[in-house]
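If you want the building blocks of each chain, they are given just below.
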Amino acid sequence: MAIVAPSILSADYMNMERDLTMTKEMGVKWLHVDIMDGIFVPNITFGYGFVKAMRKVTDLTLDVHLMIDRPIRYVQQFCDAGADYLTIHVESDTPENTLAALQKIRSLGVKPGIVVKPNTPAEAIESYLPLVDLVLVMTVEPGFGGQKFMAHMMPKLSQLRQMLDKFNPSCHLEVDGGVDLVTAKTCKENGADVLVAGSAFFGSADKAAFTRSLEA
Ligand code: DX5
Ligand code: ZN
């Protein structure tokens, strides 16, 4: 069974507590939190204080996706804030700092994740695969919700599934961007077991049915 992680980027910011409570009532187990700094991506969202505030009102798994330049500077703060999974981009720092950041996240009792942008090949994260609990394949350019799903990411997704089967079979494989009822099926067929959905989840009339359908 797949895990559905609604991206709160598409929630109602003035009614966030209501929306977090609602997602749980819809049967959701994970929440995806997009952190953007206006430098690594051309958009700005939430800081670690916001994650801390979320942690106070929800016991759902917080899957925090850092889209920030040199994330090693802030992993401590996001771990302390209550992230369950903390995922960093391989493109956002040097290999040395990426390795150090993943190790630091683990040492703080949080599950580390690594993410690749659409133009980054699977091989770029090969050396990190044994060290992480989550691998995220972007199926849009990171920065904004509501973009079109990139179906040509599917060979990379299945390549990473095969690599994980070999090096780290219990690691989650997640997709993010343009996931809806139709594209979710393609992602699952290609090995994804965690599906981020922002606009499709929050725009859905029956969110419980949407969640069940993606899980199946
Ligand atoms: C984009 C973010 C996504 C975004 C997905 O940079 O990482 O998590 O919220 O939104 P949808 O599902 O609308 O493509
Ligand atoms: Zn995301």
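Since the structure is predicted, the reported quantities are computational estimates derived from the model, not experimental observations. Residue positions within a chain follow its written sequence, with the count starting from 1. Labels follow written order: the first chain is A, the first ligand is 1, and so on. Only residues with pLDDT of at least 70 get local features here, since the model is predicted, and only at 80 or more are side-chain atom pairs given and counted; chain-wide, interface and lining totals rely on the full set of residues. In computing side-chain properties, one takes all heavy atoms of the structure into account and sets aside hydrogens as well as water.

(A) Layout of the environment of Gly 198. Each helix is a run of DSSP H or I of at least 4 residues and each strand a run of E of at least 2, with the numbering of both proceeding from the N terminus. Relative to the assigned elements, Gly 198 resides in the loop between strand E8 (194-197) and helix H7 (199-202). Three exposure classes are used, based on accessible area relative to the maximum for each residue type with a 1.4 Å probe and protein chains only: buried under 20%, partly exposed in between, and exposed over 50%. Gly 198 gets classed as buried once you look at its relative accessible area, which sits at 16%. Between the C-alpha atom of Gly 198 and that of Gly 145, which follows or precedes it by 53 residues, the distance is 6.5 Å. Whether two residues are in contact is decided by their heavy atoms: any pair within 4.5 Å suffices. Excluding anything up to four places from it in sequence, Gly 198 contacts Ser 7 and Ser 10.

(B) Region of interest: the pairing of strand E3 (residues 61-67). Counting buried positions over the seven residues of E3 gives six, a clear majority of the element. Here a strand pair is declared whenever DSSP counts at least two bridges between the two strands. In the sheet, strand E2 (residues 30-36) pairs with E3 via seven bridges, with the strands oriented parallel. Within E3, the residue paired with His 32 across the bridge is Asp 63. Call a crossover right-handed when, viewed with both strands pointing away from you, the route from the first strand across the helix to the second goes clockwise. With respect to chirality, the unit in which E2 leads through helix H2 (residues 48-57) into the neighbouring parallel E3 is right-handed. In terms of handedness, the path from E3 via helix H3 (residues 75-81) over to strand E4 (residues 85-89) forms a crossover that is right-handed.

(C) Examining the environment of Ile 68 more closely. Inspection of the secondary structure assignment puts Ile 68 in the loop between E3 and H3. Residue Ile 68 is classed as buried on the basis of its relative accessible area of 6%. Not counting chain neighbours up to four residues away, the residues in contact with Ile 68 comprise Ile 35, Met 36, Asp 37, Phe 40, Tyr 74 and Ser 92.

(D) View of the site of ligand 1. Taken together, the neighbourhood of ligand 1 is formed by 20 residues, with Ser 7, Asp 34, Gly 143, Asp 176 and Ser 199 sitting nearest. Under the rule applied, a polar contact is a pair of N or O atoms within 3.5 Å (in protein, one hydrogen donor and one hydrogen acceptor; residues adjacent in sequence only if both atoms are side-chain atoms). Interatomic distance of 2.7 Å between a side-chain N/O atom of Ser 7 and an oxygen atom of ligand 1. Residue Gly 143 places a main-chain N or O atom 2.7 Å away from an oxygen atom belonging to ligand 1. Every element with two or more residues in the shell around ligand 1 is listed here: E2, E3 and E8. It is E2 that provides the largest number of residues to the shell around ligand 1, a total of three residues. Nearness is defined per residue: one heavy atom within 4 Å of the molecule or strand is enough.

(E) Examining the coordination of the zinc ion (ligand 2) more closely. Counted as coordinating are nitrogen, oxygen and sulfur atoms within 2.8 Å of the metal, or 3.2 Å for Na, K and Ca, while water is not included, which may make sites look incomplete. In this structure, His 32 (NE2), Asp 34 (OD), His 65 (ND1) and Asp 176 (OD) serve as the protein donors to the zinc ion (ligand 2), at separations of 2.0 to 2.3 Å. Given six donor atoms and angles of 69 to 168 degrees at the metal, the environment of the zinc ion (ligand 2) is assigned as octahedral. In the primary structure, the donors to the zinc ion (ligand 2) are separated according to the pattern H-x1-D-x30-H-x110-D. With Asp 34 in strand E2 and Asp 176 in strand E7 (residues 172-176), this residue pair connects regions lying 142 residues apart in the sequence. Relative accessible area serves as the criterion here: at 8%, Asp 176 is assigned to the buried category. Each label reflects the angles at the metal, where four donors whose angles all fall between 85 and 135 degrees are tetrahedral, four or six donors whose opposite pairs open beyond 155 degrees and whose other angles stay between 65 and 115 are square planar or octahedral respectively, and the rest are irregular.

(F) Fine view of helix H4 (residues 95-107). Expected span of a helix: the number of residues minus one, times 1.5 Å. For H4, spanning 13 residues, the distance from its first C-alpha to its last is 18 Å, which sits close to the expected 18 Å at 1.5 Å a residue. When we look at burial in H4, the residues that qualify are Thr 98, Ala 101, Leu 102 and Ile 105. One side of H4 holds all its buried residues, which, seen down the axis, span an arc of 95 degrees. Seen from the buried face of H4, the exposed residues on the opposite side, beyond 90 degrees, are Glu 96 and Ser 107. Against H3, E4 and strand E5 (111-116) lie the buried residues of H4. Once H4 finishes, Gly 109 follows within two positions and takes phi at roughly 85 degrees, a positive value. Relevant arc is that of directions from the helix axis to the C-beta atoms, nothing else.

By themselves, these figures tell us nothing about what the structure is for.
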